[in-house]
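Residue-level structure breakdown
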Amino acid sequence: MNLILFGPPAAGKGTQAKKLVAERGFIQLSTGDMLRAARSSGSELGKRVAAIMDSGALVSDEIVIALIEEQLDNNPMAAGFIFDGFPRTIPQAEALDKSLASRGQKVDLVIRLKVDENALIARVTKRFEDEGRADDNPEAFKKRLVAYNSQTAPLVQVYAGQGKLAEIDGMAKVETVSDAIADTLDNAKSKKA
Ligand code: AMP
């Protein structure tokens, strides 16, 4: 089972992905985490993407697709992947389909966390105070939301058209959201069986 956790930045995708890793043995593939790791390791890639990330813009499709390909290659026996923060553009979604197909797999389910943008801004302001991530500052966060709405949100229609989209209220409590995700996954599994 390969799952995309979909939603704007700070919708809670990372939190929910980590719970699914702990509870169901998925492998989480977060391009944001991979890029942050590249930055803290001081690699060439990290240096190339730092300013773009801090501004709130998207890094190139080519870079994130290569990161995902590398992880798919490194985990040939995985029971399932959760894609968190990827794909974020139509070309990324097309590349993911191709990549999975070449491994005899596909995207099985897309779970969209639906959230209110004003509430997100409040959530991120708090996260900025607690964690100090440069791209959580209000100006950069606004840019991340613009990038989401213009480049990423169109994917909702693509996956809805493929009959793969499930929508969940991402404004509910963390536990309530996890329960809803668990139900959606169990339903999808029983339909598959
Ligand atoms: P995230 O933690 O997923 O919100 O990602 C943090 C930042 O990393 C984003 O604002 C982008 O600059 C970059 N990034 C992460 N994933 C992607 C992606 N799939 N495509 C392009 N840029 C990405």
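Keep in mind the model is a prediction, meaning the values are calculated, not measured. (Residues numbered from 1 in each chain as written. Predicted model: local features only at pLDDT ≥ 70, side-chain atom pairs only at ≥ 80, totals over all residues. Heavy atoms only, no water.)

1. Let's talk about the sheet that holds strand 4 (residues 109-114)
Taken in spatial order, the five strands make up an open sheet running 2-3-1-4-5, and their pairing is parallel. If you trace the sheet from one side to the other, it starts and ends with strand 2 (27-30) and strand 5 (165-169), each paired once. Sheet twist, expressed as the average angle between the axes of neighbouring strands with direction ignored, equals 20 degrees. Across the sheet, helix 1 (residues 13-24) touches strand 1 (3-6), strand 2, strand 3 (81-84) and strand 4, and the angle it forms with strand 3 is around 170 degrees. (Pairing = 2+ DSSP bridges. Helix = DSSP H or I, 4+ residues; strand = E, 2+ residues; numbered from the N terminus. Axes fitted to C-alpha atoms, helices over the stretch in contact; angles between N-to-C directions. Contact = heavy atoms within 4.5 Å.)

2. With respect to helix 7 (residues 138-152)
In a regular helix each residue adds 1.5 Å, so 15 residues correspond to 21 Å; helix 7 covers 20 Å between its end C-alpha atoms and thus fits that length. Taken together, the buried positions of helix 7 are Ala140, Phe141, Arg144, Leu145, Ala147, Tyr148 and Thr152. Each buried residue of helix 7 sits inside an arc of 160 degrees when the element is viewed along its axis, so together they form one side. Helix 7 presents Pro138, Glu139, Lys142 and Val146 as exposed residues on the side facing more than 90 degrees away from its buried surface. For helix 7, the elements touching its buried residues are strand 1, helix 3 (44-55), helix 6 (117-131) and helix 8 (154-161). Its side-chain oxygen placed 3.0 Å from the backbone nitrogen of glutamate 139, asparagine 137 serves as the N-cap of helix 7. (Expected span 1.5 Å × (residues − 1). Buried < 20%, exposed > 50% of the residue type's maximum accessible area, 1.4 Å probe, protein only. Arc of directions from axis to C-beta. Polar contact = N/O pair within 3.5 Å; in protein donor to acceptor, adjacent residues only side chain to side chain.)

Shape descriptors only; they carry no functional weight alone.
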